[in-house]
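Observations on the model geometry
Spelled out, the chains give:
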Amino acid sequence: MLGMALSAIDGTIVSTAVPQIVGDLGGFSVFSWLFSGYLLAVTVTLPVYGKLSDTFGRKPVLIAGIVLFLFGSVLCAAAWNMAALIAFRVVQGLGGGALQGTVQTIAADLYPLKERPRIQARLSTVWATSAVAGPVIGGLFAVYADWRWIFLINLPIGALALWLVVRHLHEPSRTRRAAGAPRPRIDWAGALAVFATGTLLLTALVQGGVAWPWLSAPSLGLLGASAALAALTVVIERRAAEPIIPGWVWRRRTIASVNLALGAMGLLMVAPTVFLPTYAQSVLGLGPIAAGFVLSVMTLSWPVSAAFSNRVYNRIGFRRTAIIGMSCALLILLAFPLLPYPGEPWQPALIMLLLGAALGLFQLPLIVGVQSTVGWAERGTTTASVLFCRQVGQSVGAALFGAVANGVLASRLAAAPVPGLPGDLDAISHALDDPGRLSAAADYLRRAVDAAVDHVYLGAAGAAALALLVLVLMAPRRFPVLAEESGSDTPAP
């Protein structure tokens, strides 16, 4: 939990300190890469670390991830300009990729099926706590100390996590390699191909429509290059003796359906995590802290729902439980556009509370279920593929729904009562911070933002419907759970 906290809190603690970082180092035009670079590094390394943990064990991969993350934190604290800080955030992300996937895999290794919901719920509380505490801690350091402390705070937490892991983490014993058997080989060519493909694809998705237009040469070039590299990756992985992303990940119905369903969930998660804070501030007129609370209530109900999900799936199965959870999420997402304008803050907060409960009932049964269908030697790769698809879905959703929101705004602003109004969602949000300058146009802009976010939530409902279709049409009625002995999975050779 401490190791996962390093990665979880780092995704939120930087956000409130951005003004101080930019004021000290400059680089306002590229500061978004503080987040994008970290996300890219975490996402593209997940499959690599998953395979390495299956080959060499979880403990050495987790230790290496913590050490690399702490090394990146020290470098970030010593950064002398924005370019250096972005580069060092990527180093942090390289360690963060090992933390996210490996911790989830260790939870499945150490605890039998009946205990995993309780453990996974505790891991979910790490993310929930980080979502609330991260911005607060980052703001306090930025105001009362120095922004560099948001990276130095990782050192005592990481040191304690490292000591606990080294001293107390004991992996289940595995069958020893037979004498004369070939030593396991690392598919370095496949790892590099996966890393390059993911980097180009996610860069195109993150920067498209922001740094350059979607139909511009940079976007088309990055998308074309990522498609070519993806084809090359398939060729490399088919020839590799120990591929980073083995073909069985997509040939097995259970794993493939969970990957696609979690990818669709990543898609719909963009609506509350990215667009709800803008809605709360621009439409409801809330401050940043209150807007953050509207979103954070989702992280309160999610782990509670996840903790109790085993009582449901033990009776009706993993697939049916996930279908119930996503069906509820679909109805809740469709309810958002029905909220009155401008409405009261408790209304979207209630929707987020219900959405967190529904998604906890959806995600945890799928992760626990798919982990239970594979043995020790395949669990790291399986878990990493699920998390990788969820992260890619979130990146695709950010690009897709960003285009939807700006398209709706453009159509609304074409009939604006006064000329010269801001033309995109970020500019409108900044303009509404001082509504006195906009006079009569302020209410028109708020309604335009309200319409844009409504369309995003309708798109998120479409992603929920896609997840349901995958579960209904692809997922097996019963997950092929492996037999367990003595309360824990028998380690595979």
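Up top is the structure these notes are about.
The notes below deal with the structure included here. All values derive from a computational prediction rather than experimental measurement.

Per the secondary structure count, the chain includes 19 helices and zero strands. For the chain, with 493 residues in total, the buried portion stands at 53%. Taking the intrachain contacts of the chain between residues at least 6 apart in sequence as the baseline, contacts between residues at least 24 apart amount to 82%. Carbon and sulfur atoms make up 67% of the accessible area of the chain, which amounts to about 21,300 Å² in all.

As a further point, take the packing of aromatic side chains. Under the definition given, this model contains six aromatic pairs. Note on Phe318 and Phe479: the rings are 5.5 Å apart at their centroids and 35° apart in plane angle, and the pair reads as tilted. In this pair, Phe318 sits in helix α15 (residues 318–335) while Phe479 sits in the segment after α19 (441–473), placing the two residues 161 residues apart along the sequence. Judged by relative accessible area, Phe318 falls into the buried class, the value being 9%. Feature note: the residues Tyr279, Phe336 and Tyr457 constitute an aromatic cluster, connected by ring pairs. The ring of Trp376 carries the charged tip of Arg58 above its face, separated from the ring centre by 3.9 Å.

On the secondary structure map, Asn310 appears in helix α14 (residues 288–316). In this structure, Asn310 is in contact with Lys114 and Pro117, ignoring residues within four places of it in sequence.

Turning to the nonpolar core, a few remarks are in order. Generally speaking, nonpolar side chains in soluble globular proteins are found buried as a group. Judged by nonpolar contacts, the single largest core of 74 residues is most densely connected at Leu268, Met326, Leu359, Phe362 and Leu366. Elements with a contribution of two residues or more to this core: α11 (248–251), α12 (253–268), α13 (270–282), α14, α15, α16 (346–371), α17 (376–413) and α19. Per-element accounting of this core gives the leading share, 15 residues, to α19. Residues in contact with Leu366, not counting those within four places in the same chain, are Val258, Ala261, Leu262, Ala322, Leu471 and Phe479. Membership of the second largest hydrophobic core comes to 28 residues, among which are Ile13, Trp147, Phe151 and Leu205.

What counts, and at which threshold
Sequence order sets the numbering: in each chain, residues are counted from 1 along the sequence as written. The model is predicted, so local features are restricted to residues of pLDDT at least 70 and side-chain atom pairs to those at 80 or more, both for listing and for counting; the totals for chains, interfaces and linings are taken over all residues. As a rule here, side-chain values cover all heavy atoms of the structure and leave hydrogens and water aside. Think of it this way: any DSSP run of H or I at least four residues long counts as a helix, any run of E at least two long counts as a strand, and we number them from the N terminus. When accessible area is computed with a 1.4 Å probe and restricted to protein chains, residues below 20% of their type maximum are described as buried, those above 50% as exposed, and intermediate ones as partly exposed. Only heavy atoms enter the contact rule, under which two residues are in contact if any of them lie within 4.5 Å. Surface accessibility follows the Shrake-Rupley procedure with a 1.4 Å probe radius. Residue values consider only the protein chains on display as shielding. Two aromatic rings from Phe, Tyr or Trp, using only the six-membered ring of Trp, form a pair when their centres are within 6.5 Å; if the ring planes differ by under 30 degrees the pair is stacked, by over 60 it is edge-to-face, and anything between is tilted. Placement of a positive charge over a ring is assigned whenever Lys NZ or Arg CZ falls within 6 Å of the ring centre and within 35 degrees of the normal to the ring plane. By nonpolar core we mean a set of buried residues, namely Ala, Val, Leu, Ile, Met, Phe, Trp, Tyr and Cys, connected to one another through side-chain atoms within 4.5 Å.

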